[in-house]
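Structural description and commentary
Each chain, written out:
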Amino acid sequence: MTTTDSGDTTATTTTATTATAPTDRIAGTAGAGGTRRHTALPKARTLVEALPWLTRHHGKTVVVKFGGNAMVDEELKAAFAQDVVFLRHAGLKPVVVHGGGPQISAQLDRMGIASEFKAGLRVTTPEAMDVVRMVLAGQVQRELVGLLNQHGPLAVGLTGEDAHLMTATKHYAEIDGERVDLGRVGEITAIDPGAVQALLDDGRVPVVSSIARSADDGDVNGIYNVNADTAAAALAVALGAETLMVLTDVEGLYEDWPHSDEVISRLTASELERLLPELASGMVPKMEGCLYAVRNGVTTARVIDGRVQHSILLEIFTDEGIGTMVVPDPEGQS
């Protein structure tokens, strides 16, 4: 309202104000029919695309083996934690199993202890085993738990020693027909998933370090360094998990490496078994773990590229997916 003073007469006039919606609340422009084209629509489409996958996996257990480049890249670690928390809030029950090869090697170097590998496995002396335990349970696990708990009081760390979660016996490698002693390297013989299941039932995210208690006679209070891929597969089976996911530093299982970089998107257990003798040594424990999982009740096992941010979400919640998925043989075929 405005007031104008003209001599003895005061005239009052009213100016109409037209409300204009804030520009930051309007996305897009009006179409021919008067309906606005919202720039946020692609986000809605993405959520709708995820709906059948959310429905399919709701309430199911997913075991994720965390490893590769994702363990040492800060942005990838943060994205991994976001993915796992998303799974939890989307109604899934994620479990994280981790190793820590790069961190173990770095700590051994700092302490002047040489790293030695035979048949693709770390030779683990009693002195080196102390370092393995310290790094896995005291460094890698704590960092993962901290990253996850930035999003709420969710993650709880434990090792295979806790509550008899993982039990192992001494593992020997075979090289050129000879049995080779690898020191404190174990082969998992039993899984007791009770402690992990209790945490899942309480809405927590278990983070498990790949160390196992010894079941060998006379090895009282002994522990073993166990392969994290193998540990994740064994735990997935024991939990009756829907899915095993293995993060690695490649796109998946290549069809004809090194002649082609074409990734096999899906194969059956029998098809994988036929390919195993031709695989590079680094992929063998991962694919053997996948094979063991799907032949013992796990619905799918997936090897995905951990170098890609949010690779877990891309694999589970999109139509395209990434990586290689292993499924059980059709009924009646093996």
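Residues numbered from 1 in each chain as written. Predicted model: local features only at pLDDT ≥ 70, side-chain atom pairs only at ≥ 80, totals over all residues. Heavy atoms only, no water.

**Digging into unusual backbone geometry**
Despite not being glycine, Ala-163 shows a phi value in the positive range, around 55°. Relative to the assigned elements, Ala-163 resides in the loop between strand 7 (155-160) and strand 8 (166-175). (Helix = DSSP H or I, 4+ residues; strand = E, 2+ residues; numbered from the N terminus.)

**Thoughts on the nonpolar core**
Core analysis: the biggest nonpolar cluster contains 43 residues, and Phe-66, Phe-80, Val-96, Leu-148, Leu-247, Ile-312 and Phe-317 have the highest contact counts within it. For this core, the secondary-structure elements that each account for two or more residues are helix 1 (41-57), strand 3 (61-66), helix 2 (74-89), helix 3 (101-110), helix 4 (126-149), strand 10 (205-214), strand 12 (243-248) and helix 9 (311-317). Tallying contributions element by element places helix 4 first for this core, with 11 residues. Those residues in contact with Phe-317 that sit more than four places away from it in its chain are Glu-49, Ala-50, Trp-53, Leu-54, Phe-86, Leu-87, Ala-90 and Leu-92. In this structure, Leu-200, Leu-253, Ile-264 and Ala-269 belong to the second largest nonpolar core, which totals 42 residues. (Core = buried A, V, L, I, M, F, W, Y, C linked by side-chain atoms within 4.5 Å. Buried < 20%, exposed > 50% of the residue type's maximum accessible area, 1.4 Å probe, protein only. Contact = heavy atoms within 4.5 Å.)

**Remarks on the packing of aromatic side chains**
Taken as a whole, this structure holds 2 aromatic pairs when the rule is applied. Pairing Phe-66 with Phe-80 gives two aromatic rings, centres 4.1 Å apart and planes at 25°, and the pair type is stacked. Taken together, the positions of Phe-66 in strand 3 and Phe-80 in helix 2 put the pair 14 residues apart, joining distant regions of the chain. Of the two residues, Phe-66 and Phe-80, neither departs from the other in class, the shared state being buried. Arranged with centres 5.7 Å apart and planes meeting at 65°, the rings of Phe-86 and Phe-317 form a pair that is edge-to-face. Of this pair, Phe-86 sits in helix 2 while Phe-317 sits in helix 9; the two residues are 231 residues apart in sequence, bridging distant segments of the chain. Judged by relative accessible area, which is 6%, Phe-317 ranks as buried. Taking the ring centre of Tyr-172 as reference, the NZ or CZ of Lys-170 above it sits at 5.4 Å. Between Arg-179 and the ring centre of Tyr-172, over which it is positioned, the NZ or CZ distance is 3.8 Å. (Phe/Tyr/Trp six-rings, centres within 6.5 Å; stacked < 30°, edge-to-face > 60°. Lys NZ or Arg CZ within 6 Å of the ring centre and 35° of its normal.)

**Quick word on the packing of helix 3 against helix 4**
Viewed as axis vectors pointing N to C, helix 3 and helix 4 meet at an angle of 125°, and their least axial separation amounts to 9 Å. If you check the angle between helix 3 and helix 4, you find them oblique. Along this stretch, helix 3 crosses helix 4, giving a crossing that reads as right-handed. Listed contacts from helix 4 to Gln-103, Ile-104, Gln-107 and Leu-108 of helix 3 are Ala-128, Val-131, Val-132, Met-134, Val-135, Leu-136, Gln-139 and Val-140. Of the residues belonging to the contact of helix 3 with helix 4, the class tally is 9 nonpolar, 3 polar and no charged. (Axes fitted to C-alpha atoms, helices over the stretch in contact; angles between N-to-C directions. Parallel < 35°, antiparallel > 145°, perpendicular 65-115°, else oblique. Left-handed = near helix turned anticlockwise from the far one by under 90°. Nonpolar A, V, L, I, M, F, W, Y, C, P; charged D, E, K, R; others polar.)

**Description of the packing of helix 2 against helix 4**
For the pair helix 2 and helix 4, interaxial distance at closest approach is 9 Å and the crossing angle is 60°. Classified by the angle between their axes, helix 2 and helix 4 sit oblique to one another. Crossing handedness for the pair helix 2 and helix 4: right-handed. Contact residues: Glu-74, Lys-77, Phe-80, Ala-81, Val-84 and Val-85 in helix 2; Glu-143, Leu-144, Leu-147 and Leu-148 in helix 4. A class-by-class count of the residues in the contact of helix 2 with helix 4 yields 7 nonpolar, no polar and 3 charged.

**Quick word on the pattern of salt bridges**
Applying the stated rule across the entire model yields 14 salt bridges. In this structure, Arg-133 and Glu-161 form a salt bridge, with 2.5 Å as the shortest nitrogen-oxygen distance. Of the two residues, Arg-133 is situated in helix 4 and Glu-161 in the loop between strand 7 and strand 8; the sequence distance between them amounts to 28 residues. Relative accessible area serves as the criterion here: at 35%, Arg-133 is assigned to the partly exposed category. In this structure, the salt-bridge partner of Lys-170 is Asp-181, at a minimum N-O distance of 2.8 Å. Here Lys-170, found in strand 8, pairs with Asp-181, found in strand 9 (residues 178-191); they are 11 residues apart in sequence, far enough to count as distant. Taking the relative accessible area as the measure of exposure, Asp-181 reaches 45% and is therefore partly exposed. When salt bridges that share partners are traced, they join Lys-65, Asp-229 and Lys-286 into one network. (Salt bridge = Lys/Arg side-chain N within 4 Å of Asp/Glu carboxyl O.)

Honestly, it's all geometry; don't read function into it.
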